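# Chains, contacts and geometry: an overview
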Amino acid sequence: MEKTDVSKSQNAENVLDHFNLFRQPQYLEMFERKKCEFENPAPANEVEKIREWTKSWDYREKNFAREAISINPSKACQPLGAIFAAVGFEGTLPFVHGSQGCVAYFRSHFSRHFKEPSSCVSSSMTEDAAVFGGLNNMIDGLANSFSLYKPKMIAVSTTCMAEVIGDDLNAFIKNARDKGSIPQDFDVPFAHTPSFVGSHVTGYDNMMKGILSYFWDGKAGTIPPVERKPVERINIIGGFDPYTVGNMRELKRILNLMGVNYLVVSDNSDVWDTPTDGTFRMYDGGTKLSDITEALHSKATISIQGFCTEKTLPYIAEKGQQTIAFHCPIGVRATDELLMEISKLSGKPIPEELEKERGRLVDAIADSTAHIHGKRFALFGDPDMALGLTGFLLELGAEPVHVLCTNGGKEWEEKAKALLASSPFGKNGNVYAGKDLWHMRSLLFTEPVDFLIGNTYAKYLERDTGTPLIRIGFPLFDRHHHHRYPIWGYQGGLNVLVWILDKIFDEMDKNTIVPAKSDYSYDIIR
Ligand code: SF4
């Protein structure tokens, strides 16, 4: 009987998928019966009462008093960032030493964001390796990876299991070489990336430092360290950047326009944007391995996202280079500062073409300012992204009211506070380091804002609180291809401005669309 009813709800001419299928009467009735007969549900008025309570200041205070439990944190673990850094090098296979479930997760996480393949291998440690150590996993894993996937380099990081049992990567890789898993001179840089320390941006930093120090300091004791011979060139390190495809291409275009001699250290703009032309490319583009050594000789290194290079930059500075860190430059002022610094370092003037692009962004901001001025925003993201977005909102005359960063620490908090204090539009702003999206939920209920900026996970906040979500950040799983557009540089600022404006206008239209009620403001021209 049930089966017949269900089959009737489908029609070959108009097949219903889950969106509409489960709204058919027979499904609604079935769910209701299941609930009453088996689920022992709380009474509806009780559910409603609790739901209302979670919106209150009383609940907010309890929520913010949390010490141990974390709910909907906006951060991932270290090896994810290590893989991000590793795939930016020519022919490089990321190899995560530890349990393989992590690698399935890392790969799917990137693939869902970039809508691209994401190659990475595991040494597949299991219970016995947890007792006796993962040396054999490293020996066999490197041998298999080398012969199957023919990489030019294998970059090793660790899962927390390998960290907890204390496997020594340096010794294990040396052992694997001695056993003939890989040729003696094959490059295997490595980094310990414990997931119980920091976040994915820490893992990016550790892997980047691991790769540079491997090449610069004598390839784990196998050759003498490289002697630095300074040359007129600037290294660029992008950091863990969800818009890497668009951003890196934009940054290179800017540097080429300026005629700067530069070297991008870890460039993943090609590997996460390979063409569909009948050939699967496991590796594509990336920083040439010979250029990693070359990078030592550059006169300076610019990190576009300073919180992704907290250990890498001091290491580079120790080698005698000048180092400068930015925080995800979005908008006019932040791009000005980046370009002026590049110009100062390279001695190359900023060309007229870029000045014109700047003027166009200023023009766009001026054209739209009436719609953005004074709008209240909540935002969250990785430390650099959160700072970059906050700075841009202030520049637009918007008010960043709640600025939250789960993986932000004391230093981030101070920088964010100083940024808010630098503008009258920041006077109602508050900064929340180390807080999660359940904290953000309370903030949105008790001190509502007009818009929320964040990643896909914030769609639950939009559902609960009704705050319209502008999707900027990592990961973006439920919208396609945003990563192809830059957010850095003047062109990038224009993109971010348009994304914000589109949402403002969509909401305006939604609020004025009812005929004979609100459509007196349903304007053609906005
Ligand atoms: S937290 Fe540990 S177990 Fe979980 S994905 Fe990260 S490394 Fe793997």
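Summary of the structure given here.

Conventions we followed
- Residues numbered from 1 in each chain as written.
- Predicted model: local features only at pLDDT ≥ 70, side-chain atom pairs only at ≥ 80, totals over all residues.
- Heavy atoms only, no water.
- Core = buried A, V, L, I, M, F, W, Y, C linked by side-chain atoms within 4.5 Å.
- Buried < 20%, exposed > 50% of the residue type's maximum accessible area, 1.4 Å probe, protein only.
- Helix = DSSP H or I, 4+ residues; strand = E, 2+ residues; numbered from the N terminus.
- Contact = heavy atoms within 4.5 Å.
- 1 Å grid on protein atoms, 1.4 Å probe; cavity = no way out; pocket = protein on both sides within 12 Å on 5 of 7 lines; lining within 4 Å.
- Points joined across faces, edges and corners; volume = space filled by probe spheres on them.
- Nonpolar A, V, L, I, M, F, W, Y, C, P; charged D, E, K, R; others polar.
- Phe/Tyr/Trp six-rings, centres within 6.5 Å; stacked < 30°, edge-to-face > 60°.
- Patch = residues over 30% accessible without salt bridge, like charges linked within 9 Å, V, L, I, M, F, W, Y side chains within 5 Å.
- Areas by Shrake-Rupley, 256 points an atom, 1.4 Å probe, with all protein chains shown as cover.
- Salt bridge = Lys/Arg side-chain N within 4 Å of Asp/Glu carboxyl O.
- Near = heavy atom within 4 Å.
- Axes fitted to C-alpha atoms, helices over the stretch in contact; angles between N-to-C directions.
- Parallel < 35°, antiparallel > 145°, perpendicular 65-115°, else oblique.
- Left-handed = near helix turned anticlockwise from the far one by under 90°.

## Considerations on the nonpolar core
If you look at the biggest cluster of nonpolar residues, it comprises 60 residues, and the most contacted ones within it are Ile302, Trp412, Ile453, Ile472, Ile487, Val496 and Ile500. Ranked by the residues each element gives to this core, the list is headed by helix α22 (residues 489–510), at eight residues. The contacts of Ile302, once residues within four sequence positions are left out, are Ile234, Asn235, Ile236, Ile237, Ile324, Phe326, Leu338, Ile342 and Leu345. Within the second largest apolar cluster, 44 residues are counted, among which are Ala86, Met207, Val265 and Tyr315.

## With respect to empty space enclosed by the protein
Under the defined criterion, the tally for this structure stands at three cavities of 30 Å³ or more. Estimates place the volume of the largest cavity at around 140 Å³. Across the lining of the largest cavity, the residue classes tally to nine nonpolar, six polar and three charged.

## Quick look at the packing of aromatic side chains
Counted by the stated rule, this structure contains 22 aromatic pairs. On the basis of an interplanar angle of 75° and a centroid distance of 5.3 Å, the ring pair of Tyr214 and Phe215 is categorised as edge-to-face. By the burial criterion, Tyr214 is buried, and Phe215 matches it. Aromatic pair Trp216 and Tyr315: ring centres 5.7 Å apart, planes at 20°, arrangement stacked.

## As for a nonpolar patch on the surface
On the surface, Val164, Ile165, Phe196 and Val197 cluster together into a nonpolar patch covering about 370 Å² of accessible area. Tracing the chain through its elements places Ile165 in helix α10 (residues 160–165). With relative accessibility at 31%, the residue Ile165 sits in the partly exposed group.

## Observations regarding the site of the ligand
Every residue lining the ligand is accounted for by Cys77, Pro79, Cys102, Tyr105, Phe106, Thr159, Cys160 and Ser195. Sorting elements by how many residues they give to the shell around the ligand places helix α7 (residues 100–114) first, with three residues. Classifying every residue of the shell around the ligand by side-chain character gives six nonpolar, two polar and no charged.

## Points about the side chain of Ser181
Relative to the helices and strands, Ser181 is located in the loop between α11 (169–178) and α12 (200–216). The exposure class assigned to Ser181 is buried, which follows from its relative accessible area of 8%. With residues up to four places along the chain from it excluded, the contact list for Ser181 reads Ile139, Leu142, Ala143, Phe146 and Ala176.

## So, the packing of helix α5 (residues 57–64) against helix α20 (residues 437–446)
Two packed helices can be described by the angle between their axes and the distance between those axes. Closest axis-to-axis distance for the α5/α20 pair is 10 Å, and the angle between their directions is 155°. Between α5 and α20, the interaxial angle falls into the category roughly antiparallel. Here the hand of the crossing between α5 and α20 comes out left-handed. Contacts from Trp57, Tyr59, Arg60, Asn63 and Phe64 of α5 reach α20 at Trp438, His439, Ser442, Leu443 and Thr446. Along the lines of polarity and charge, the residues of the contact of α5 with α20 split into five nonpolar, four polar and one charged.

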